[in-house]
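Read off the chains here:
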Amino acid sequence: MTTSLPDTTAEKETAVAAPPKQSESMLGQLRHRPEAGALIGTITVFVFFAIFGGTKFLAPAGAASWLNIAAELGIIAIPVGLLMIAGELDVSVGSVLAGSSMTLAIVSGHWGAPMIVGILLALALGLLTGLLNGILVTRTNVPSLVITLATLSAMAGLTLGLSRIATGTTSVPVSPDPLSKALFGTLIAGQFEVAIFWWLGLAAVVTVLLQLMKYGNWIFAIGGDKESARATGIPVDKVKIALYMASGFGAALVGVIQTILYNGAQVANGQSFVFNSIIAVVVGGVLLTGGYGSVFGVVLGTLTFAIVNQGIYYTGWNSDWASLILGILILAAVLMNNTFRRLALSYKPRTAKKAA
């Protein structure tokens, strides 16, 4: 079967896409980006709380309250977002955070080992848990939600049991050295966590990986159709295992940051991150079914979640309504993201009409 080609040079020239007007080009590019809905959502909630929260919300202390939450959540949400783009889930991050946090506190706080030893062991625990999750998901037909739910429960029990055996308590203090404090647990200007820089740095690195390297194409391909991706030679299992290890590492890094920042750890740390990370990713425009999303969208979704989470306290309203507002926001964000996704998938570049 062959396709017909224009017979004349004039027809060939008129078949080329006409350059759109500059204003149409910018608006068109925004409309058809996966993070378009997330950007509108972030701007909307920021303006909303800037109006009703007043100067307290916009003051440095107010900005720090939601930026600090966004930073810690974002460090976990970015690798979780990559997993979701690849069509998988990881809900074990809460227990990984707690386990890594307690590992650092016990090794360097209770046992008195150098901080670098505790930090490395804490990060290694995150990588090892991610490796286990990845192997179980790729070697079995069990859904990743079930696998990581099992890991979530098992890691929580293991952390609680071993902490009681090792220390006799569920809360362990630690005294970090100046270098560790500066790298992970200091407050810039007495308000902004250094975790903000870890978050932004991670977002920049992962953006390059996702948009400019073949590894990013592999992630999207696996999320779109893993069997087709496998048929084209993409190492599907290795990519998924690597993504689970990245997710575990992100959770462990936040565990290290919190332990050093607050000079101690508790076995109950991190459970709020389990579904908050998924909420932030979904609000950021990533599909639960995989194959669609962006790091910038995840960053925006994380910001949106953090602003709503903290903004309610600056309005003077009853904080009991915070969960209701967040629920409405999530639903609105998903509906908006679906609309923009349909626009993106149905988009076709304009072409000039043939000359009469």
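The present account deals with the structure reproduced in this document. These numbers were taken from a predicted model, which means no experiment stands behind them.

1. Digging into the nonpolar core
Formed by 72 residues in total, the largest nonpolar core has its most connected members in Ile76, Ile78, Met84, Trp199 and Val256. Setting aside chain neighbours within four positions, we find Met84 in contact with Leu89, Ile278, Val281, Val282, Val286, Leu287, Leu288, Gly290 and Gly291. With six residues, the next largest nonpolar core counts Met102, Ile106, Val172 and Val267 among its residues.

2. Quick word on the pattern of salt bridges
This model, assessed by the stated rule, comprises four salt bridges. One salt bridge connects Arg139 with Asp237, and the closest N-O pair in it is separated by 3.9 Å. Of this pair, Arg139 sits in helix α6 (residues 115-139) while Asp237 sits in helix α12 (residues 236-262), and the two are 98 residues apart along the sequence. Overall, Arg139 belongs to the exposed group, its relative accessible area being 56%. Through salt bridges with shared partners, a single ionic network connects Arg139, Glu227, Arg230 and Asp237.

3. Regarding a nonpolar patch on the surface
A cluster of nonpolar side chains, namely Ile43, Phe46, Val47, Phe48, Ile51, Phe52, Leu58 and Trp317, defines an oily patch on the protein surface of about 740 Å² accessible area. Positionally, Phe48 belongs in helix α3 (residues 36-58).

4. Observations concerning the environment of Ala70
One can find Ala70 in helix α4 (residues 60-85). Once residues within four sequence positions are removed from consideration, Ala70 is found in contact with Trp199, Thr302, Leu303 and Ala306.

5. Notes on α6
Helix length check: α6 (25 residues) gives 36 Å between terminal C-alpha atoms against 36 Å at 1.5 Å per residue, within 8%. For α6, every residue scored as buried is listed here: Met115, Gly118, Ile119, Ala122, Leu123, Gly126, Thr129, Gly130, Asn133, Gly134, Val137 and Thr138. Structurally, α6 contributes buried residues whose contacts are with α5 (93-110), α7 (144-167), α8 (178-185) and α12.

6. Remarks on empty space enclosed by the protein
By the definition in use, this model includes one cavity of 30 Å³ or more. Every residue along the wall of the largest cavity is listed here: Ile78, Gly81, Leu82, Ile85, Leu210, Ser294, Val295 and Val298. Looking at the lining of the largest cavity, the elements with two or more residues in it are α4 and α14 (295-315). For the lining of the largest cavity, the element with the most residues is α4, which contributes four residues. Tallied by class, residues from the lining of the largest cavity come to six nonpolar, two polar and no charged.

7. Considerations on the environment of Val334
With respect to the secondary-structure elements, Val334 resides in helix α15 (residues 322-346). A residue is classified by how much of its surface remains accessible, and Val334, at 28% relative accessible area, is partly exposed. In sequence terms Val334 and Ala38 are 296 residues apart; their C-alpha atoms lie 9.2 Å from each other.

8. Brief notes about the packing of α4 against α12
In the contact formed by α4 and α12, the axes pass within 8 Å of each other and the chain directions differ by 175°. Here α4 lies roughly antiparallel to α12, going by the angle between them. Residues Glu72, Ile75, Ile76, Pro79, Val80, Leu82 and Leu83 of α4 pack against Leu243, Tyr244, Ala246, Ser247, Gly250, Ala251, Leu253, Val254, Ile257, Gln258, Leu261 and Tyr262 of α12. Residues that form the contact of α4 with α12 fall into these classes: 15 nonpolar, three polar and one charged.

9. As for the packing of aromatic side chains
Evaluated as defined, the whole model comprises nine aromatic pairs. Here the aromatic rings of Phe46 and Trp66 are separated by 6.2 Å at their centres, their planes lie at 75°, and the arrangement is edge-to-face. Taken as a pair, Phe46 in helix α3 and Trp66 in helix α4 lie far apart in primary sequence, 20 residues in all. Relative accessible area serves as the criterion here: at 32%, Phe46 is assigned to the partly exposed category. Between the aromatic rings of Phe57 and Trp66, the centroid separation amounts to 6.0 Å while the plane-to-plane angle is 20°, which identifies the pairing as stacked.

10. Quick look at the side chain of Thr304
By the element assignment, Thr304 lies in helix α14. Among the polar contacts made by the side chain of Thr304, one reaches the side chain of Thr42 at a distance of 2.6 Å. Contact partners of Thr304, with chain neighbours within four places excluded, come to Ala38, Gly41, Thr42, Val45, Val283 and Leu329.

About the criteria used
Residues numbered from 1 in each chain as written. Predicted model: local features only at pLDDT ≥ 70, side-chain atom pairs only at ≥ 80, totals over all residues. Heavy atoms only, no water. Core = buried A, V, L, I, M, F, W, Y, C linked by side-chain atoms within 4.5 Å. Buried < 20%, exposed > 50% of the residue type's maximum accessible area, 1.4 Å probe, protein only. Contact = heavy atoms within 4.5 Å. Salt bridge = Lys/Arg side-chain N within 4 Å of Asp/Glu carboxyl O. Helix = DSSP H or I, 4+ residues; strand = E, 2+ residues; numbered from the N terminus. Patch = residues over 30% accessible without salt bridge, like charges linked within 9 Å, V, L, I, M, F, W, Y side chains within 5 Å. Areas by Shrake-Rupley, 256 points an atom, 1.4 Å probe, with all protein chains shown as cover. Expected span 1.5 Å × (residues − 1). 1 Å grid on protein atoms, 1.4 Å probe; cavity = no way out; pocket = protein on both sides within 12 Å on 5 of 7 lines; lining within 4 Å. Points joined across faces, edges and corners; volume = space filled by probe spheres on them. Nonpolar A, V, L, I, M, F, W, Y, C, P; charged D, E, K, R; others polar. Axes fitted to C-alpha atoms, helices over the stretch in contact; angles between N-to-C directions. Parallel < 35°, antiparallel > 145°, perpendicular 65-115°, else oblique. Phe/Tyr/Trp six-rings, centres within 6.5 Å; stacked < 30°, edge-to-face > 60°. Polar contact = N/O pair within 3.5 Å; in protein donor to acceptor, adjacent residues only side chain to side chain.

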